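As a plain string of letters, each chain reads:
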Amino acid sequence: MFRRLLASLAAVIFLITAGWITARTERAASDTVSGHTASHRAMSGHNGHAYTFTAAQTAAIVAQAAAPVRGSEFRADCFSSHRKGDDPIVFPGQVGRSHIHEFYGNRTANAASTLQSLAAGTTNCTPTVDLSSYWTPTLYKNGVPVAPERVTVYYQGITDHTRAVAHPRGLRYVVGNALATSPDQNPAARWSCVGRPESSREFINCPPGTKLENYLDFPTCWDGKNLDSANHRDHMAYAAGQTCPASHPVVVPRLELLITWPVNGGGLTLAGTRNGVNVTDQPGYTFHGDFFNAWEDGELKRRVANCIVAGYICGTDGNPIQQ
């Protein structure tokens, strides 16, 4: 709980630092939060993780990051399962096509993964009924890959929680901007140090005795029809406050990946793609993530009903631990 409070404080500090509390509001009001505007462009090839956020989307993402979690939450505790140059969403069936990713949860995830193959696999998550795969670019410290020491996957009732429904099986989507060229082009992720309130879209030089962590926030509104879309984003949207756009009326829990690495200091880079070439020296503001839902359907629905809709904080067993 202390880390959750620090995270909210860090997000507020970040809002003030970035100027989002007092700036761009007027422009945001004129844009579409769901993202179907001229400034939103789908990418192809190695640009499959790239994305241009509108001002309204950025404002919604940053405001959502600062929203307090008052009940309505359950989680899965996961670890890195393997590391591959695969991406089952952006490059399905294309082995080794992607930059290097760190995969969490389902041990079988690879370029050929489908809902059926994930459902038949095993997981290192607790609970074991979460057979989903989550993945992000691999972190490097002085050129050496580093696996996270833990990954907490929060499912949170941030948006209109009494109307939330479980993610449908097979739903998959991407967040972040792997081809960002500056921090303001990727509002979905924020770096911080365990136990400290400061946060940034670029790597933070964590002092001795602390560890690096990242919060990656996923959208809370679904179009109610599609399990994927051409750019792996358009079927999902970020809410404006407590309201999902009419184009994406179905409320789902907000996924938040809290990833902790056993490192501090400098020399940090990410796997990524530059000019069509896979590299291992991308900056922190290119962080991004993918989610492929393979939960056991009844167990996910139970948790959404008993924790999200009912307004309780639950443990990994899906039972309330705090009101």
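These remarks concern the structure in this document.

Basis of the calculations
Residues numbered from 1 in each chain as written. Predicted model: local features only at pLDDT ≥ 70, side-chain atom pairs only at ≥ 80, totals over all residues. Heavy atoms only, no water. Phe/Tyr/Trp six-rings, centres within 6.5 Å; stacked < 30°, edge-to-face > 60°. Helix = DSSP H or I, 4+ residues; strand = E, 2+ residues; numbered from the N terminus. Buried < 20%, exposed > 50% of the residue type's maximum accessible area, 1.4 Å probe, protein only. Pairing = 2+ DSSP bridges. Disulfide = S-S within 2.5 Å. Axes fitted to C-alpha atoms, helices over the stretch in contact; angles between N-to-C directions. Core = buried A, V, L, I, M, F, W, Y, C linked by side-chain atoms within 4.5 Å. Contact = heavy atoms within 4.5 Å. Polar contact = N/O pair within 3.5 Å; in protein donor to acceptor, adjacent residues only side chain to side chain. Lys, Arg positive; Asp, Glu negative; His and termini not counted. Salt bridge = Lys/Arg side-chain N within 4 Å of Asp/Glu carboxyl O.

A few points about the packing of aromatic side chains
Now for step 1: According to the stated counting rule, one finds 11 aromatic pairs in the structure shown.
Now for step 2: Ring geometry for Tyr155 and Trp295: centres 5.7 Å apart, planes at 90°, overall edge-to-face. Of this pair, Tyr155 sits in strand 7 (residues 150–156) while Trp295 sits in the loop between strand 18 (288–292) and helix 5 (297–309), and the two are 140 residues apart along the sequence. The same class applies to Tyr155 and to Trp295, which are both buried.
Now for step 3: With centroids separated by 5.4 Å and ring planes inclined at 35°, the aromatic side chains of Trp191 and Trp261 adopt a geometry described as tilted. Of this pair, Trp191 sits in strand 9 (residues 189–193) while Trp261 is found in strand 15 (residues 254–261), placing the two residues 70 residues apart along the sequence. Trp261 carries the same exposure label as Trp191, and that label is buried.
Now for step 4: Ring pairing ties together the aromatic residues Tyr134, Tyr173, Phe218 and Phe291, which thus form one cluster.

Quick look at the sheet that holds strand 14 (residues 250–251)
Now for step 1: A sheet is described by the order of its strands in space; here three strands give the open sequence 13-12-14, paired in antiparallel fashion. Whereas interior strands pair on both sides, the edge strands pair on one side only; in this sheet they are strand 13 (236–237) and strand 14.
Now for step 2: In this structure, strand 12 (residues 221–222) lies alongside strand 14, joined through two bridges in antiparallel fashion. Of the residues in strand 14, the one forming a bridge with Trp222 is Val250.

Concerning the state of the cysteines
Now for step 1: Across all of its chains, the model carries four disulfides by this definition.
Now for step 2: Two residues, Cys78 and Cys125, share a disulfide whose sulfurs are 2.0 Å apart. Between Cys78 and Cys125, the S-S dihedral sits near 105°, and the bridge is therefore right-handed. Of this pair, Cys78 sits in strand 1 (residues 73–78) while Cys125 sits in the loop between helix 4 (115–119) and strand 4 (133–137); the two residues are 47 residues apart in sequence, bridging distant segments of the chain. The pair Cys78 / Cys125 is uniform in exposure class, with both members buried.
Now for step 3: Cys221 shares a disulfide with Cys244; S-S distance 2.1 Å.

Observations regarding the sheet that holds strand 18
Now for step 1: Read from one edge to the other, the open sheet built from five strands follows the order 2-3-4-18-8, with strand pairing classed as antiparallel. Of all the strands in the sheet, just strand 2 (80–84) and strand 8 (172–176) have a single pairing partner and so form its edges. For this sheet, the mean angle separating the axes of adjacent strands, direction not counted, is 20°.
Now for step 2: Of the strand pairs in this sheet, strand 8 and strand 18 are connected by five bridges, and their pairing is antiparallel. Among the inter-strand pairings, Arg172 is bridged to a residue of strand 18, identified as Phe292.

Focus: the nonpolar core
A general tendency of soluble globular proteins is for nonpolar side chains to be buried together.
Now for step 1: Membership of the largest hydrophobic core comes to 55 residues, with the highest contact counts inside it found for Phe74, Tyr134, Leu139, Leu212 and Trp261.
Now for step 2: With sequence-adjacent residues up to four places away left out, Trp261 is seen in contact with Leu139, Val146, Ala147, Pro148, Glu149, Trp191, Lys211, Leu212, Glu213, Asn214 and Phe287.
Now for step 3: Judged by nonpolar contacts, the second largest core, of 12 residues, contains Phe91, Phe103, Leu115 and Trp135.

A closer look at the pairing of strand 11 (residues 212–217)
Now for step 1: Most of strand 11 sits out of view: six of its six residues are buried.
Now for step 2: The alternating pattern of strand 11 places Leu212, Asn214 and Leu216 on one face and Glu213, Tyr215 and Asp217 on the opposite face, and all of these are buried.
Now for step 3: Note that strand 9 and strand 11 share five bridges and pair antiparallel. Bridge assignment links Cys193 to a residue of strand 11, and that residue is Leu212.
Now for step 4: As judged from the six bridges shared by strand 11 and strand 15, these two strands associate in the antiparallel manner. If you follow Leu212 over to strand 15, its bridge partner there is Trp261.

Here's the deal with the side chain of Ser229
Now for step 1: Take Ser229: it is sitting in the loop between strand 12 and strand 13.
Now for step 2: At a separation of 2.8 Å, a polar atom in the side chain of Ser229 contacts the side chain of His235.

A closer look at the environment of Ile321
Now for step 1: Along the chain, Ile321 turns up in strand 20 (residues 320–322).
Now for step 2: Sequence spacing of Ile321 and Cys307 is 14 residues, and the spatial spacing of their C-alpha atoms is 9.7 Å.
Now for step 3: Once you skip the residues sitting within four places of it in the chain, Ile321 turns out to touch Ile313, Cys314 and Gly315.

Some points on the side chain of Asp130
Now for step 1: Topologically, Asp130 is positioned in the loop between helix 4 and strand 4.
Now for step 2: No salt bridge is formed by the buried Asp130; its nearest oppositely charged neighbour, Arg303, is found at 8.2 Å.
Now for step 3: Here Trp295 takes part through its side chain, which lies 3.1 Å from a polar atom of the side chain of Asp130.
Now for step 4: Once you skip the residues sitting within four places of it in the chain, Asp130 turns out to touch Ala76, Thr123, Cys125, Tyr155 and Trp295.

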